[in-house]
Amino acid sequence: MDVRHDKEAQEFDAEIEGHRAELQYRLSDGVMTIVHTGVPEEIGGRGVAAELTRVALETARANGWKVVPACAYAEAFMRRHREYADLLR
């Protein structure tokens, strides 16, 4: 899965079978607040949201950012994947 990062738009996205999934965030003072993760029904259940979130968290780690998972999916993902606990603000 090819996940793209648009720094200006502050989002990660992936296109699969003509459907676009996205993770939107806001960056302020070294804190990435994940505000929305959206995956169309047509491509749901394939781990797309998980991959978007994983790439976003790895990007935060590489940049030294802390993370606030403001959307329910990102919050649940970070609870399940304790390897990202060090990123929590």
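All of these numbers come straight from a predicted model, not from anything done at the bench. For every chain, the first residue of the written sequence is number 1, and numbering continues from 1 onward in sequence order. Local features in a predicted model are, by the rule used here, given only for residues with pLDDT of at least 70; side-chain atom pairs are given and counted only at 80 or more, and totals for whole chains, interfaces and linings are based on all residues. Side-chain figures throughout are based on the complete set of non-hydrogen atoms in the structure, without hydrogens or water.

**A word on unusual backbone geometry**
Phi angles above zero are rare outside glycine, and Glu17 is one such case at about 50°. Secondary structure elements follow DSSP: runs of H or I of four or more residues count as helices, runs of E of two or more count as strands, with numbering from the N terminus. Tracing the backbone shows Glu17 in the loop between β2 (11–16) and β3 (19–28). Judged by relative accessible area, which is 58%, Glu17 ranks as exposed. Relative accessible area decides the class of each residue, using a 1.4 Å probe on protein chains only: under 20% of the type maximum gives buried, over 50% gives exposed, and in between gives partly exposed.

**Things to note about the pattern of salt bridges**
Whenever a carboxyl oxygen of Asp or Glu lies within 4 Å of a side-chain nitrogen of Lys or Arg, that contact is scored as a salt bridge. Overall, the coordinates contain 9 salt bridges when judged by the stated rule. In this structure, the salt-bridge partner of Arg46 is Glu17, at a minimum N-O distance of 3.0 Å. On the criterion of sequence distance, the pair formed by Arg46 in the loop between β4 (31–38) and α1 (48–63) and Glu17 in the loop between β2 and β3 is long-range, its members being 29 residues apart. A salt bridge links Arg20 to Glu22; its shortest N-O distance comes to 2.7 Å. Taking relative accessible area as the criterion, Glu22 reaches 16% and is therefore assigned buried. Each of the salt bridges in this network shares a partner with another, and the network as a whole consists of Arg4, Glu11, Asp13, Arg20 and Glu22.

**A closer look at the pairing of β3**
Looking down a regular strand, the side chains alternate between one sheet face and the other. At least two DSSP bridges between two strands are needed for those strands to be called paired. The pairing of β2 with β3 spans 6 bridges and is classified as antiparallel. Bridged to Ile16 within β3 is His19. Counted along the chain from β2 to the antiparallel partner β3, the turn is 2 residues long, and its residue Glu17 has a positive phi close to 50°. Sheet topology places β3 next to β4; 7 bridges connect them, and they run antiparallel.

**Details of the packing of aromatic side chains**
What counts as a ring pair is set by centres within 6.5 Å for rings of Phe, Tyr and Trp (its six-membered ring), and what kind of pair is set by the plane angle: stacked under 30 degrees, edge-to-face over 60, tilted for all other angles. In total, this model carries 3 aromatic pairs according to the counting rule given. Plain terms: the ring middles of Phe77 and Tyr84 are 6.1 Å apart, the flat faces sit at 35° to each other, and that makes the pair tilted. Each member of the pair, Phe77 as well as Tyr84, is classed as buried. Through a chain of ring-to-ring contacts, the aromatic side chains of Tyr73, Phe77 and Tyr84 assemble into a single cluster.

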